[in-house]
Amino acid sequence: MEVKNVLEIYEKKRERVQEFNLTNDLFAGKVFEDVEASRELCSILMQKPGLRLKSVRTQYVIRNLQSHSVQLDFLAEEDSGNIISVELQMYSENEPFRRTRYYTSCIDMSILEKGREYYELPDVTVLYITKSDFIGHKRGSYQIHRKAGGKSQSIDVGNGVHERYFNLKYSTKDAKIDELLRYLQDSDPFYQTESFPRIVERVNFYKIKRKGVEIMCEITDRIRREGKIEGRIEDIMQLLEELGKIPAKIAQRITQETDLNVLAGWLKCAAAVSSISEFEARMAGIPSETGSEPY
């Protein structure tokens, strides 16, 4: 019976992860944290068979204390020192070109240290993959060229930023790129290909192998839990803000709490009280996992 239960649990978990494909940020982040899998993706999209990567970071956050921080789907460094940023944007947005502009500026600021010269900036290639053809010329790929000049003559004025846009709606007229883009949507763990075998191997690991399935389920459970925690914290803070200014010590205790049961109690309390001082007095009776002493 115990063996049967273990197998049933595994099968249920395996069913959960089958819904993932490589257009999903979470799943893609795990698959492409592998350098060889990232190399296969980048070399095909950039049409550079000899591409070599030194490192790759997925779900990479560039924090900016004074302005908008960014989270890159994955950022890779070539052996040459040049940078590749891959973005998977499966939802519609108004300004993808401006997103690229801001993202590349954040990458530059994170790389160029004080006192360094501009010529030391590495080239940055952006590989931007979308579900629909937002540019609208019924093509599967577009490469942006920076030129100056008149109608009769123009010259390249490259600044080291290379932008390539791909979509899942139309053919790119390149067999390998089309095969890869189709696979991003299908993500069949048993797919046979000579073009990107490591990517398929990684998909198989996270969809079929017990250890990989466990990792994916743990991550999704944690994200769901963290989402619930953040949601309850926001609800509590909103209710208290309607009662007046929230003292820093109370705000800190609420935002650091990770026990959903405690937060549920505080939420009911915040909805019932008529003042912040009343909330403070009543929250002391609800034990917290954070180790904070009750007031």
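Here the structure is shown first, and the text comes after it.
This text gives an overview of the structure that appears in the document.

Analysis parameters
- Residues numbered from 1 in each chain as written.
- Predicted model: local features only at pLDDT ≥ 70, side-chain atom pairs only at ≥ 80, totals over all residues.
- Heavy atoms only, no water.
- Buried < 20%, exposed > 50% of the residue type's maximum accessible area, 1.4 Å probe, protein only.
- Helix = DSSP H or I, 4+ residues; strand = E, 2+ residues; numbered from the N terminus.
- Pairing = 2+ DSSP bridges.
- Right-handed = clockwise from strand over helix to strand, strands pointing away.
- Core = buried A, V, L, I, M, F, W, Y, C linked by side-chain atoms within 4.5 Å.
- Contact = heavy atoms within 4.5 Å.
- 1 Å grid on protein atoms, 1.4 Å probe; cavity = no way out; pocket = protein on both sides within 12 Å on 5 of 7 lines; lining within 4 Å.
- Points joined across faces, edges and corners; volume = space filled by probe spheres on them.
- Nonpolar A, V, L, I, M, F, W, Y, C, P; charged D, E, K, R; others polar.
- Axes fitted to C-alpha atoms, helices over the stretch in contact; angles between N-to-C directions.
- Salt bridge = Lys/Arg side-chain N within 4 Å of Asp/Glu carboxyl O.
- Parallel < 35°, antiparallel > 145°, perpendicular 65-115°, else oblique.
- Left-handed = near helix turned anticlockwise from the far one by under 90°.
- Patch = residues over 30% accessible without salt bridge, like charges linked within 9 Å, V, L, I, M, F, W, Y side chains within 5 Å.
- Areas by Shrake-Rupley, 256 points an atom, 1.4 Å probe, with all protein chains shown as cover.

Turning next to the pairing of strand E4 (residues 124-130). Successive residues of a regular strand alternate their side chains across the two faces of the sheet. Of all seven residues that make up E4, seven are buried, and the element is covered over most of its length. Alternating residues of E4 divide into Val124, Val126, Tyr128 and Thr130 and Thr125, Leu127 and Ile129, and every residue in both groups is buried. Taken together, the seven bridges between strand E3 (residues 83-89) and E4 define a ladder with parallel strand orientation. Across the sheet, the residue bridging to Ile83 is Val124, located in E4. Since E3 and E4 lie parallel, the crossover through helix H4 (residues 96-111) that links them has a hand, and here it is right-handed. Taken together, the seven bridges between E4 and strand E8 (residues 161-167) define a ladder with parallel strand orientation.

So, about the nonpolar core. Counting 38 residues, the largest nonpolar core has Leu22, Phe32, Leu41, Leu45, Ile84, Ile129 and Ile199 as its most contacted members. Per-element tally for this core: the top contributor is helix H3 (residues 35-46), with six residues. Excluding anything up to four places from it in sequence, Leu22 contacts Phe27, Ala28, Val31, Phe32, Leu88, Tyr183, Leu184, Ser187, Ile199 and Val203.

What follows covers empty space enclosed by the protein. Under the defined criterion, the tally for this structure stands at two cavities of 30 Å³ or more. Looking at the largest cavity, its volume works out to about 40 Å³. In this structure, the largest cavity is lined by Asp25, Ala28, Gly29, Gln59, Asp73, Phe74 and Leu88. Residue assignment for the lining of the largest cavity shows that the elements contributing at least two residues are helix H2 (25-31) and strand E2 (70-78). Element by element, the count of residues in the lining of the largest cavity is highest for H2, at three residues. Broken down by class, the residue content of the lining of the largest cavity amounts to three nonpolar, two polar and two charged. A volume near 30 Å³ is recorded for the second largest cavity. For the lining of the second largest cavity, the secondary-structure elements that each account for two or more residues are E3, H4 and E4. The dominant element in the lining of the second largest cavity, judged by the number of residues it contributes, is H4, at three residues. Among the residues forming the lining of the second largest cavity, the class breakdown is three nonpolar, two polar and two charged.

So, about the sheet that holds E8. Read from one edge to the other, the open sheet built from six strands follows the order E1-E2-E3-E4-E8-E5, with strand pairing classed as mixed. Edge positions in the open sheet fall to strand E1 (53-62) and strand E5 (141-143), since each of these has one partner strand only. If you compare each strand with its neighbour and ignore which way they point, the axes differ by 20 degrees on average. Each of E1, E2, E3, E4 and E8 touches H3; the most contacted strand, E1, lies at about 95 degrees to it. Those strands touched by helix H5 (residues 175-186) are E3, E4 and E8, and its axis lies near 65 degrees from that of E8.

Another point: the pattern of salt bridges. Applying the stated criterion to the full structure yields 14 salt bridges. The salt bridge involving Asp79 is made with Arg52; its shortest N-O contact spans 2.9 Å. One end of the pair, Asp79, is in the loop between E2 and E3; the other, Arg52, is in the loop between H3 and E1, with 27 residues separating them in the sequence. The closest approach of N and O atoms between Arg116 and Glu113, which form a salt bridge, is 4.0 Å. For Arg116, a relative accessible area of 39% translates into the label partly exposed.

Attention now goes to the packing of H3 against H5. Relative to each other, H3 and H5 sit at 135 degrees, their axes nearing to 9 Å. As far as their axial angle goes, H5 and H3 are oblique. The two elements H3 and H5 meet at a crossing, and its hand is left-handed. Contacts between H3 and H5 involve Leu41, Ile44 and Leu45 on the former and, on the latter, Lys176, Ile177, Leu180, Leu181 and Leu184. When its residues are assigned to classes, the contact of H3 with H5 shows seven nonpolar, no polar and one charged.

Taken together, the side chains of Phe97, Phe134 and Ile144 present a nonpolar region at the surface, about 240 Å² in accessible area. Note that Ile144 resides in the loop between E5 and strand E6 (147-149). A relative accessible area of 36% means that Ile144 is categorised as partly exposed.

This part covers unusual backbone geometry. Positive phi values are uncommon outside glycine, yet Lys173 reaches one of about 70 degrees. Summarising the element assignment, Lys173 is placed in the loop between E8 and H5. Accessibility expressed as a relative area gives 76% for Lys173, which makes it exposed. The phi dihedral of Ser187 falls on the positive side, at around 50 degrees, and the residue is not glycine. Here Ser187 shows up in the loop between H5 and helix H6 (197-207).

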